[in-house]
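Observations on the three-dimensional arrangement
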Amino acid sequence: MLRTAICTAVLAFSAAACNAQAAAPADPVDVAFTFNAQRTLRVSTGQNFWLEGGSAELGIGLGHGFGIAFDYTGTRTSSIGTSGVPLVLGTATVGPRYRMYAARRWSPYVQALIGEATGMDSTFATPTGAVSNASSFAFQANGGLDCRSSQHIAFRVLDVGYLHAGLGNGGSNTQNLLRLGAGVVIRFKP
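Let me sum up the structure you'll find in this document. (Residues numbered from 1 in each chain as written. Predicted model: local features only at pLDDT ≥ 70, side-chain atom pairs only at ≥ 80, totals over all residues. Heavy atoms only, no water.)

**Re the overall build of the chain**
Applicable threshold: Comment: elements are numbered from the N terminus, with helices defined as DSSP H or I runs of at least four residues and strands as E runs of at least two. To sort residues, take the accessible area from a 1.4 Å probe on protein chains only and compare it with the maximum for the residue type: under 20% means buried, over 50% means exposed, and anything in between is partly exposed. Contact definition: two residues touch when any of their heavy atoms are within 4.5 Å. Note on areas: Shrake-Rupley, 1.4 Å probe, and residue coverage restricted to the protein chains presented here.
Along the backbone of the chain there are one helix and ten strands. For the chain, the sequential pattern of α-helices and β-strands runs α-β-β-β-β-β-β-β-β-β-β. Split into buried and exposed, the 190 residues of the chain put 39% on the buried side. Summarising the internal contacts of the chain: among those between residues at least 6 apart in sequence, 57% fall at separations of at least 24. For the chain, the exposed area adds up to about 9,500 Å²; of that, 65% sits on carbon and sulfur atoms.

As structure tokens, then:
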């Protein structure tokens, strides 16, 4: 039910943004490369741990600040808390983005993305035992601030967000992560 509602909202937003494209010049297309750190809470313990890695994001402006974002993030930790069990987490997500002041020096944005989370090289609980790789639905909501330094280069000063995944963990099978990032943005005129 939740997935259906999210998909319906994304499609409605995309249709509205496509209609807006005909009425106004398109915003720039951008590609961002960022360093990411994600903080999570280990199930049934008080142990927080960090995953670190990077992301590549493609943003396509559709006009009036609306657009679509495609994000792939890969992060890793050598130990989930004090367990000694490593984790590699990859997410591939897509969804609507709204960017304010795309042509100005400081440009804030917000986005809500859905897709897939894939956990690798770890231990994931299943009804029949444990596996080393697993995948699940992922939801990511984040926002940030870009600072343009030239016509084609900007710095992603801050990207802050929330990531939800449902990988098997022997408990609630839920991961809620705080996502922090910063990096560089390359902008192309449409």
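**A word on the pattern of salt bridges**
Once their charged atoms are close, side chains differing in charge can pair, the charge on each being opposite to the other. This is how it is decided: The working definition used for a salt bridge is a side-chain nitrogen of Lys or Arg within 4 Å of a carboxyl oxygen of Asp or Glu.
Here the structure, examined in full by the defined rule, presents nine salt bridges. Note that aspartate 146 and arginine 156 form a salt bridge whose closest N and O atoms lie 2.8 Å from each other. Of the two residues, aspartate 146 sits in strand β8 (residues 134-148) while arginine 156 sits in strand β9 (residues 153-165), which places them ten residues apart along the sequence. Arginine 156 carries the same exposure label as aspartate 146, and that label is buried. Members of the salt-bridge network, linked through shared partners, are Asp30, Glu57, Arg97, Arg99, Asp146, Arg156 and Arg187.

**Description of the side chain of threonine 34**
Quick reminder of the rule: Any N or O atom pair separated by 3.5 Å or less is treated as a polar contact, with the protein-specific requirement of one donor-capable and one acceptor-capable atom, and with residues adjacent in sequence counted only for side-chain atom pairs.
Mapped onto the fold, threonine 34 is located in strand β1 (residues 29-41). Overall, threonine 34 belongs to the buried group, its relative accessible area being 10%. A polar contact of 3.0 Å, which involves the side chain of threonine 34, links it to the side chain of asparagine 36. A polar contact is formed between the side chain of threonine 34 and the side chain of serine 55, at a distance of 2.6 Å. Ignoring any residue separated from it by four or fewer positions in sequence, one finds threonine 34 in contact with Gly53, Gly54, Ser55, Arg156, Ala182 and Gly183.

**A few points about the environment of valine 110**
Along the chain, valine 110 falls in strand β5 (residues 106-120). Separated by 44 residues in the primary sequence, valine 110 and phenylalanine 66 have C-alpha atoms spaced 10.0 Å apart. Excluding residues within four positions of it along the chain, valine 110 makes contact with Pro96, Arg97, Tyr98, Asn142 and Gly143.

**What about the pairing of strand β4 (residues 87-99)?**
To keep it simple, the criterion reads: The pairing criterion is simple: DSSP has to find at least two bridges between the two strands.
Sheet analysis places strand β3 (residues 66-77) next to β4, joined by twelve bridges and oriented antiparallel. By the bridge assignment for β4, arginine 76 is matched with valine 88. Across ten bridges, the pairing between β4 and β5 is antiparallel. The residue bridging threonine 93 from the neighbouring strand is glycine 115, located in β5. The antiparallel pairing of β4 with β5 creates a hairpin that spans six residues between the two strands, and tyrosine 101 there sits at a positive phi of about 55 degrees.

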